[in-house]
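Understanding the architecture of this molecule
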Amino acid sequence: MSEAKGVWVFSENADLMLEMLGKGRELADMLGTDLCAIVIGNGVQEKANGLVKYGADKVYLVENGALGSFQAEAYLSVLHNLMVNYRPEVLLVGSTRNGKPLAARLAMRLDAGCVPDCNRLNIDGQRRLIGERITYGGNAVAKVTFRTKPQIATVPSRAFDKPEAKELKGQVVKLDVKVDAPRTEVVDRKPLETSSVRVEEAQIIVSCGRGLEKKEDRALLEELSQVLCGQVGCSRPLAEDRKWFSEWIGLSGHKVKPKLYIACGISGVIQHVAGIRDAKVIVAINKDEQAPIFEIADYGVVGNLYEILPALKEAIKKQLQ
Ligand SMILES: Cc1cc2nc3c(=O)[nH]c(=O)nc-3n(C[C@H](O)[C@H](O)[C@H](O)COP(=O)(O)OP(=O)(O)OC[C@H]3O[C@@H](n4cnc5c(N)ncnc54)[C@H](O)[C@@H]3O)c2cc1C
């Protein structure tokens, strides 16, 4: 049987696909092999054409009426077919709600290894993929490699930067792949009540924790974030326990990479910090000067957020006038 060759990337999330193409290009160059993007869907030729500019040597395009929206079993059967026929040595899958189980199921079918949520990827001296992932509740980094091929890793959003678009000459290859009839059916889809801008995309985030006393006080953060053209975020207890928000930031929530992160009434335990460590500048507002958030903050304000936030908003407004 021929040797496994090529680095492949797949995600149904367009931004994540580009971020993985950037990293995939580096890995493919280290291995001296091709980088290939997989596009699955219906009416997605344009999407496939666009990926060539971001470093893909080839884009394998599989279009079929049954693939119009993500359906785990159908997408799994397509990817499995492609992997068996073309035998890539590395497959990166976006760590989305759909991508993670898809990668795990694919690894199971192929009897391959799968490392989830890699925020660093490298190649060792034996051409093996090395994935690094945060573990033990954010207290350690595990470095994991593979004993067999293909090597499957999932990659979270914003772990890697998007490459610049260039005039590159890759090739889009349209493939006719058998799609297995799914054994489950999606009966309904309802949009989640979330803010219009995804918090992972925000350049400025004003975030609150249990220091916020009442749900209505979110207005304080919303007003400041509006002045800064930012986005509001929160720690997990505000979303999971108090249900004041639908999503949170941290180890088990969104990993963010803003230019400015303002943490208000957030203690800064490791599970929260795991989601904000890539923020460029962190400002902490906390009334407890011993709060761990001050250890990682670039700027710290010891004080009551109920006094500081309105004052900060007014000061910024004045500056902007
Ligand atoms: C497996 C696991 C995964 C987890 N994942 C996450 C995660 O992804 N994200 C996450 O956030 N948490 C996560 N947690 C929870 C985490 O351990 C903490 O419980 C949580 O982050 C604490 O949230 P907090 O800082 O808002 O609350 P607290 O720790 O209660 O801190 C509140 C802070 O507000 C300050 N404060 C109070 N009043 C004021 C005021 N008026 N003005 C200024 N400051 C004030 C206090 O001094 C205190 O420092 C996880 C936990 C586990 C076990």
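All values derive from a computational prediction rather than experimental measurement.

Here the focus is the sheet that holds strand β4 (residues 90-94). The seven strands lie next to each other as β5-β9-β4-β1-β2-β3-β10, forming an open sheet whose pairing is parallel. Whereas interior strands pair on both sides, the edge strands pair on one side only; in this sheet they are β5 (113-115) and β10 (171-175). Taking the axes of each pair of neighbouring strands and ignoring which way they run, one obtains an average angle of 20° across the sheet. Of the pairings in the sheet, the one linking strand β3 (residues 58-63) to β10 comprises five bridges and is parallel in character.

Here the structure, examined in full by the defined rule, presents 16 salt bridges. Across the pair Glu89 and Lys149 runs a salt bridge whose closest N-O atoms are separated by 3.4 Å. With Glu89 in the loop between α3 (72-86) and β4 and Lys149 in the loop between β8 (140-145) and β9 (151-155), this residue pair connects regions lying 60 residues apart in the sequence. Across the pair Asp217 and Lys214 runs a salt bridge whose closest N-O atoms are separated by 3.6 Å. A relative accessible area of 12% places Asp217 in the buried class. A relative accessible area of 42% places Lys214 in the partly exposed class.

Around the ligand sit 25 residues in total, of which Arg210, Ser235, Ser252, Ser267 and Asn286 are the nearest. At 2.9 Å from an oxygen atom of the ligand is found a main-chain nitrogen or oxygen belonging to Arg236. A distance of 3.0 Å separates a nitrogen atom of the ligand from a polar side-chain atom of Asn304. Sorting the residues of the shell around the ligand by element identifies α6 (236-241), α7 (270-273) and α9 (305-320) as the ones contributing at least two each. Along the lines of polarity and charge, the residues of the shell around the ligand split into eight nonpolar, 13 polar and four charged.

About the criteria used
Residues numbered from 1 in each chain as written. Predicted model: local features only at pLDDT ≥ 70, side-chain atom pairs only at ≥ 80, totals over all residues. Heavy atoms only, no water. Pairing = 2+ DSSP bridges. Helix = DSSP H or I, 4+ residues; strand = E, 2+ residues; numbered from the N terminus. Axes fitted to C-alpha atoms, helices over the stretch in contact; angles between N-to-C directions. Salt bridge = Lys/Arg side-chain N within 4 Å of Asp/Glu carboxyl O. Buried < 20%, exposed > 50% of the residue type's maximum accessible area, 1.4 Å probe, protein only. Near = heavy atom within 4 Å. Polar contact = N/O pair within 3.5 Å; in protein donor to acceptor, adjacent residues only side chain to side chain. Nonpolar A, V, L, I, M, F, W, Y, C, P; charged D, E, K, R; others polar.

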